[in-house]
Amino acid sequence: MTSHPTPDAPVDVAVLRRELLGRYAAIHVVESTGSTNADLREAAAGGAPDRTALVAGRQTAGQGRRGRSWASPTGGLYLSALFRPDGVPPARLPWLTLLAGLALVRTARGFGVTATLKWPNDLLVGGAKAAGVLAEGTAGPAVVVGIGLNVAEPPDDVEPGAGGLRPTGLETHAGPLDRTAVAVALLGELADLEERWRRAGGDDPELRAEYERHCATLGSPVRVELARDGLLLGTAHRLEPDGTLVVRDERGADHSVSAGDVVHLRVR
């Protein structure tokens, strides 16, 4: 009988390094930390090399978009990667967020789970949220890409995300999973996508088309909750080359959205 690691089994750093060093310059695993993003931002300021990765078994001060806290229960996978994409124009750097979402879709499908994306990077499985991404610019210039992925089913006390999205875990749909194997797959996909995107100077039409195929937001009626309590209703019309979402309102006017909470609306 094949045994599976328990949800709190540590991620095996030796396996990660064996499988991923070369695509990453350095890989670290810790049992617990406040925030992997905060740790890598500090490391970046200290000169950490391009493609440094950090994985944590849990976070005590996980960060979400727009200053929210991010629940980090045992059984999840919490990781950040530091990229210094020389040669990519600053205007293209937001695409790292979308690439992380695409890496999540590829990873989920590699374990037999059909997933889509809510712009820019929430991983949706069966209408519920399985993962989110937070990318932050830092000294260098550099970008830290943080991913929180629910591998096990989250506890009942984890609150729904923005727009009331209930949480779910990959294991709910795939059965028991080895978190080390999931980490290898996710970091590998992220490295491959970022390398290709970087070689293209931050503009790869095929990657953009792949993202669009998996983005459930495009073509959907949406409510966009903007900063400072602004609200936009319309249909998600298209993506700009820099990853900006264009929403067409009821009057036919297009609005470019670079940041905000998108809620998919049900058609009555």
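Read on for an overview of the structure. (Residues numbered from 1 in each chain as written. Predicted model: local features only at pLDDT ≥ 70, side-chain atom pairs only at ≥ 80, totals over all residues. Heavy atoms only, no water.)

## Digging into helix 6 (residues 205-214)
Here is the rule we go by: Summary of the burial criterion: residues with accessible area below 20% of their type's maximum are buried, those above 50% are exposed, and those between are partly exposed, where the area comes from a 1.4 Å probe applied to protein chains only. By the criteria applied, helices consist of DSSP H or I runs no shorter than four residues and strands consist of E runs no shorter than two, each listed in order from the N terminus. When we speak of the arc, we mean the arc of directions from the helix axis to the C-beta atoms. Here a residue-residue contact requires only that any non-hydrogen atoms of the pair lie within 4.5 Å. Here a polar contact is taken to be a pair of N or O atoms separated by no more than 3.5 Å, where protein atoms must pair a possible hydrogen donor with a possible acceptor and residues adjacent in sequence count only if both atoms sit in side chains.
Every buried residue of helix 6 is listed here: Leu207, Arg208, Glu210, Tyr211 and His214. Projected down its long axis, helix 6 carries its buried residues within an arc of 160°, all on one side. Opposite its buried face, helix 6 presents the exposed residues Pro205, Glu206 and Arg213, each directed more than 90 degrees away. Packing partners of the buried residues in helix 6 comprise helix 3 (95-110), strand 4 (116-118), helix 5 (179-199) and strand 9 (231-239). Two or three places before Glu206, at the start of helix 6, stands the capping residue Asp204, its side-chain oxygen 3.0 Å from that residue's backbone nitrogen.

## So, the pattern of salt bridges
The test is simple: By salt bridge we mean one thing: a side-chain nitrogen of Lys or Arg within 4 Å of a carboxyl oxygen of Asp or Glu.
Across all of its chains, the model carries 20 salt bridges by this definition. With a shortest N-O distance of 3.2 Å, Asp122 and Lys118 are connected by a salt bridge. Under the relative-accessibility criterion, Asp122 is labelled buried at 10%. With a relative accessible area of 6%, Lys118 lands in the buried category. Across the pair Arg238 and Glu240 runs a salt bridge whose closest N-O atoms are separated by 3.5 Å. Put simply, Asp50, Arg51, Glu194 and Arg198 are held in one network by salt bridges that share partners.

## Here's the deal with the nonpolar core
We count it as follows: Here, nonpolar core refers to any group of buried Ala, Val, Leu, Ile, Met, Phe, Trp, Tyr and Cys residues whose side-chain atoms link them within 4.5 Å.
If you look at the biggest cluster of nonpolar residues, it comprises 60 residues, and the most contacted ones within it are Leu16, Tyr24, Leu77, Trp119, Leu123 and Leu149. Tallying contributions element by element places helix 3 first for this core, with 10 residues. In this structure, Ala44, Leu82, Ala142 and Val144 belong to the second largest nonpolar core, which totals 7 residues.

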